[in-house]
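Breakdown of the fold
Chain residues, written in single-letter form:
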Amino acid sequence: MITRRMFHKAAGLGAGAATLAGLQGIPSASAAPYPADGTPGPALPTVAPGTHTSFTQLKHIRAGLLNVGYAEAGPAHGPVVICLHGWPYDIHSYVDVAPLLADRGYRVIVPYLRGHGTTRFLSARTFRNAQQSAIALDIIALMDALKIEKAVLAGFDWGSRTADIIAALWPERVKALVSVSGYVVTNVEAQKKPQPAATEHTWWYQWYFATERGRLAMEDQKDRHDLCRFVWDTVSPTWHFDDATFERTAAAFDNPDYAAIVIHNYRWRIGIADGERRYDRYEKRLATRPVIEVPTITLDAERDPFTPPGDGASYRDRFTGRYEHRTLSGIGHNLPQEAPTAFAQAVVDVDRF
């Protein structure tokens, strides 16, 4: 079992940013570019997955415990949308979504989560912790560093969980929410209980990562690469991506902290790795399954093996504000990259709730 480790506090929030393409302004914007009257937003043009392969702006900024690498698209003073990726993915999950939103006047921020891509810890002494509240606080710190008071949050996988947590605990920072798979806040105690065999089978890699064998596989570059590719193939059975698409994302797995972050995240979820005391108050609140009051659209991917049955019924009671649920037929786990137009449309629409 990973034991709780104490560490020194890293440097506070930094206001300066080192960029690869020059910072634009850093506004605090929350107004929708179209009237927020609750009607659907203007229909977005259909974009085929893979139309774009890269972001035009890649930046860095010190935020909390991290130097965060992130992509940015759209006008510097536009209303902000923060798109959050999952595992085993990276910012390229939004490479087609971001231009669609930017063309509608949004300022789109797509950060690499801790342990991914160009995001780095500021201190070698910081425990490589990936419990859910720590990742959520990374995004709060990023918003503070960029002077973003409020934003639309949109995510899948780890990104959904992170966005859900921020919406539940810091609703004043969230204008609206798009959450793939709905309410995915982790309940560690519940995770300790055996699930039906089919569910346990779907989560095979979580149990693999609980072993020393799994940890070694994640630390080996080739084994890590092949394992992540296998996950892509199995959880997105209808997505016919090419090798180049995977390799663009796989580059983000070479972060020096990647293995430690991934292993800690999955071990912490099932209660065999400790978190840190600094996050206990947040985890206690999350254990109560707090409701989310901000306007929300939840998305389910029909071919995602993790999508719960019931068309969102299992988590409907966790959303108490303006709400809509959508199911995307024939789409797998990496929903924003497989169905970028539908994902971006959900962002535009929820911003009008």
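Definitions and limits used
- Residues numbered from 1 in each chain as written.
- Predicted model: local features only at pLDDT ≥ 70, side-chain atom pairs only at ≥ 80, totals over all residues.
- Heavy atoms only, no water.
- Helix = DSSP H or I, 4+ residues; strand = E, 2+ residues; numbered from the N terminus.
- Buried < 20%, exposed > 50% of the residue type's maximum accessible area, 1.4 Å probe, protein only.
- Contact = heavy atoms within 4.5 Å.
- Areas by Shrake-Rupley, 256 points an atom, 1.4 Å probe, with all protein chains shown as cover.
- Arc of directions from axis to C-beta.
- Pairing = 2+ DSSP bridges.
- 1 Å grid on protein atoms, 1.4 Å probe; cavity = no way out; pocket = protein on both sides within 12 Å on 5 of 7 lines; lining within 4 Å.
- Points joined across faces, edges and corners; volume = space filled by probe spheres on them.
- Nonpolar A, V, L, I, M, F, W, Y, C, P; charged D, E, K, R; others polar.
- Core = buried A, V, L, I, M, F, W, Y, C linked by side-chain atoms within 4.5 Å.
- Salt bridge = Lys/Arg side-chain N within 4 Å of Asp/Glu carboxyl O.

Turning our eyes to something else, we now look at the overall build of the protein chain. On a plain count of helices and strands, the protein chain comes out with 13 helices and nine strands. Counting only residues that meet the buried cut, the protein chain has 57% of its 353 residues in that class. In the protein chain, of all internal contacts separated by at least 6 residues, the share reaching a separation of at least 24 is 82%. In the form shown here, the protein chain has an accessible surface area of approximately 14,000 Å², with 53% of it arising from carbon and sulfur atoms.

Now for the environment of Val 178. Within the secondary structure, Val 178 is located in strand S7 (residues 174-180). For Val 178, a relative accessible area of 0% corresponds to the buried category. Distance in space between the C-alpha atoms of Val 178 and Leu 299 is 7.4 Å, their sequence separation being 121 residues. With residues up to four places along the chain from it excluded, the contact list for Val 178 reads Leu 153, Ala 154, Gly 155, Ile 297, Leu 299, Phe 343, Ala 346, Val 347 and Val 350.

Three or more residues of helix H7 (residues 212-219) are buried, namely Gly 214, Ala 217 and Met 218. Buried residues in H7, looked at end-on, bunch into an arc of 95°, giving them a common side. Those residues of H7 that are buried lie in contact with helix H6 (204-209), helix H8 (221-235) and helix H10 (258-269).

Further remarks concern the pairing of strand S1 (residues 58-63). Examined bridge by bridge, S1 and strand S2 (residues 66-73) share six bridges and lie antiparallel to one another. Each bridged residue has a counterpart across the sheet, and for Ala 63 the counterpart in S2 is Leu 66. Between S1 and S2, which pair antiparallel and follow one another directly, the connecting turn spans two residues, one of which, Gly 64, has a positive phi of 60°.

Under the defined criterion, the tally for this structure stands at two cavities of 30 Å³ or more. Of the volumes computed, that of the largest cavity is approximately 80 Å³. Taken together, Ala 130, Gln 131, Gln 132, Ile 135, Trp 158, Arg 161, Thr 162, Ile 165, Thr 186, Asn 265, Trp 268 and Arg 269 make up the full set of residues lining the largest cavity. Those elements giving two or more residues to the lining of the largest cavity turn out to be helix H2 (132-145), helix H3 (158-169) and H10. Residue contributions to the lining of the largest cavity peak at four residues, all from H3. Residue composition of the lining of the largest cavity, grouped by class: five nonpolar, five polar and two charged. The computed volume of the second largest cavity comes to approximately 30 Å³. Leu 66, Val 68, Pro 111, Tyr 112, Leu 113, Arg 114, Asp 138 and Ile 139 together form the lining of the second largest cavity. Secondary-structure elements contributing two or more residues to the lining of the second largest cavity are S2 and H2. For the lining of the second largest cavity, the class distribution of residues is six nonpolar, no polar and two charged.

Let us now look at the pairing of S2. Of all the eight residues making up S2, seven are buried; the element is thus mostly covered by neighbouring parts of the structure. Relative to strand S5 (residues 120-121), S2 runs antiparallel, the two sharing two bridges. Within S5, the position partnered with Leu 66 by the bridge is Phe 121. Pairing of S2 with strand S4 (residues 107-111) involves four bridges; the strand directions are antiparallel. Across the sheet, Tyr 70 pairs through a bridge with Pro 111, a residue of S4.

Looking at the largest pocket, its volume works out to about 1,100 Å³. Every residue lining the largest pocket is counted, 32 residues in all, and those nearest its centre are Tyr 183, Val 184, Gln 191, Trp 203 and Phe 306. Residue assignment for the lining of the largest pocket shows that the elements contributing at least two residues are H3, helix H4 (188-191), helix H5 (197-202), H6 and H10. Element by element, the count of residues in the lining of the largest pocket is highest for H5, at four residues.

A separate point is the nonpolar core. Counting residues in hydrophobic clusters, the biggest one holds 108 residues, and the most contacted among them are Ile 82, Trp 87, Leu 101, Phe 209, Met 218, Leu 299 and Phe 343. Among the elements that take part in this core, H2 stands out by supplying nine residues, more than any other. Setting aside its immediate chain neighbours within four residues, Ile 82 contacts Ile 109, Pro 111, Ile 139, Met 143, Ala 151, Val 152, Leu 153 and Ala 154.

Here we come to the pattern of salt bridges. The tally for this structure, following the rule as stated, stands at 16 salt bridges. Notably, a salt bridge pairs Arg 128 with Asp 257, separated by 3.0 Å at the nearest N-O pair. Here Arg 128, found in the loop between S5 and H2, pairs with Asp 257, found in the loop between helix H9 (243-250) and H10; they are 129 residues apart in sequence, far enough to count as distant. Under the relative-accessibility criterion, Arg 128 is labelled buried at 16%. Of the charged contacts, one joins Lys 192 and Glu 189 as a salt bridge, the two residues approaching to 3.0 Å between their closest N and O atoms. Because the salt bridges share partners, they merge into one network encompassing Lys 59, Glu 72 and Arg 107.

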